[in-house]
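# Commentary on secondary and tertiary structure
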Amino acid sequence: MLMDRLPSVIVGVTGASGQLLAWWVVQALLEQTDYPIDLVLSQNAVEVWQHEMGDRLIPNHPRVTLHPNSTLASPIASGSCPTVGMLVAPCSVGTLGRIATGTADTLLLRAADVTLKERRPLVLMVRETPLSLIHLRAMQAVTEAGGVVMPPVFTLYNHPASLDDMARELALHAVELLGVRVERKRWGYSV
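Let me begin by describing the structure that accompanies this report.

Calculation rules
- Within any chain, residue numbers begin from 1 and follow the written order of that chain's sequence.
- Residue-level local features of this predicted model are given only where pLDDT is at least 70; pairs of side-chain atoms are given and counted only at 80 or more, and the full residue set underlies all totals for whole chains, interfaces and linings.
- The side-chain figures draw on all heavy atoms in the structure; neither hydrogens nor water molecules are used.
- A run of DSSP states H or I qualifies as a helix once it reaches four residues; a run of E qualifies as a strand once it reaches two. Both are numbered from the N-terminal end.
- Remark: exposure states derive from per-residue accessible area (1.4 Å probe, protein chains only) relative to the maximum for the residue type, with buried under 20%, exposed over 50%, and partly exposed in between.
- Counted as a polar contact is a pair of N or O atoms within 3.5 Å, where, for protein atoms, one must be capable of donating a hydrogen and the other of accepting one, and residues adjacent in sequence contribute only when both atoms are in side chains.
- Throughout, a residue-residue contact means that at least one pair of heavy atoms, one from each residue, lies within 4.5 Å.
- Residue count minus one, scaled by 1.5 Å, sets the expected span of a helix.
- The directions from the helix axis to the C-beta atoms form the arc being described.
- Nonpolar side chains (Val, Leu, Ile, Met, Phe, Trp, Tyr) are joined into patches within 5 Å and like charges within 9 Å, using only residues with over 30% relative accessible area and no salt bridge.
- A 1.4 Å probe and the Shrake-Rupley method give the accessible areas. Residues count as covered only by the protein chains that appear here.
- Counted as salt bridges are all cases of a side-chain nitrogen of Lys or Arg within 4 Å of a carboxyl oxygen of Asp or Glu.

## Overview of the environment of serine 132
If you trace the backbone, serine 132 turns up in the loop between strand E5 (122-126) and helix H5 (133-144). The exposure class of serine 132 is partly exposed, given its relative accessible area of 28%. On a C-alpha basis, the gap between serine 132 and histidine 173 in space is 25 Å, while along the polypeptide they are 41 residues apart.

Here it is, written out as structure tokens:
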């Protein structure tokens, strides 16, 4: 029964480069929250994950439920499913465009559509550069619909020593945009 279900965080993963972001988003949620995680990977995400991540597997944890992207018969395809919100990391511009137009023919897209219609937080870590006017208009449409577009722009104030440090900080920031409290390095002024 859906009412007995704890609210979850939906994590969508597309085929954009930057699969390390997805890995750290899931890790951050596992380390710093008690929320269940509903994970949806596009077919392209699976292929890019294998290329970019090598032996680093998708986290296998009792709180992580992996949903096939090809079915809409998942609880997260319905607005009656309690969720905290949804984070797409990385988000391809193709997925951005389909979310901006309300296309919902896969589970990842339907979950994003439901998240927006239910006025829940939707954070898209869009991975593309440079951006065309088409991309910018899609970002505007998602923002006007209530989503947050967060291109994963790395920070230097936290003195990252590795790609993992950069990806972890970005993941924590994105999770925080869902309204979830996390511990992370913050900008500080030295006197």
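## Thoughts on the side chain of asparagine 158
Assignment of secondary structure puts asparagine 158 in the loop between strand E6 (148-149) and helix H6 (163-177). Asparagine 158 gets classed as buried once you look at its relative accessible area, which sits at 6%. Within the local environment of asparagine 158, its side chain forms a polar contact with the side chain of threonine 155, the two groups lying 2.8 Å apart. Beyond its immediate sequence surroundings of up to four residues, asparagine 158 is in contact with Glu169 and Lys185.

## Quick notes on H5
When the terminal C-alpha atoms of H5 are compared, their 16 Å separation across twelve residues agrees well with the 16 Å that a helix rising 1.5 Å per residue should span. All buried positions along H5 are accounted for by His135, Ala138, Met139 and Val142. Around the axis of H5, the buried residues are gathered within 100° of arc, so they sit on the same side. With respect to the buried face of H5, the exposed residues turned more than 90 degrees away are Leu133, Arg137 and Glu144. Buried residues in H5 make contact with helix H3 (93-100), E5 and E6. Phi for glycine 146, located one or two positions after H5, is positive at around 110°.

## What to know about unusual backbone geometry
Look at the link from alanine 89 to proline 90: it is a cis peptide, with omega at -15°. Summarising the element assignment, proline 90 is placed in strand E4 (residues 83-91). A cis geometry characterises the amide bond from threonine 129 onward to proline 130, with omega recorded as -10°. With a phi close to 60°, arginine 119 is a non-glycine residue in the positive phi region. By secondary structure assignment, the location of arginine 119 is in the loop between helix H4 (107-117) and E5. Given the relative accessible area of 69%, arginine 119 is considered exposed.

## Some thoughts on a nonpolar patch on the surface
On the surface, a nonpolar cluster with roughly 260 Å² of combined accessible area is contributed by Leu131, Leu133 and Leu136. Along the chain, the position of leucine 136 falls in helix H5.

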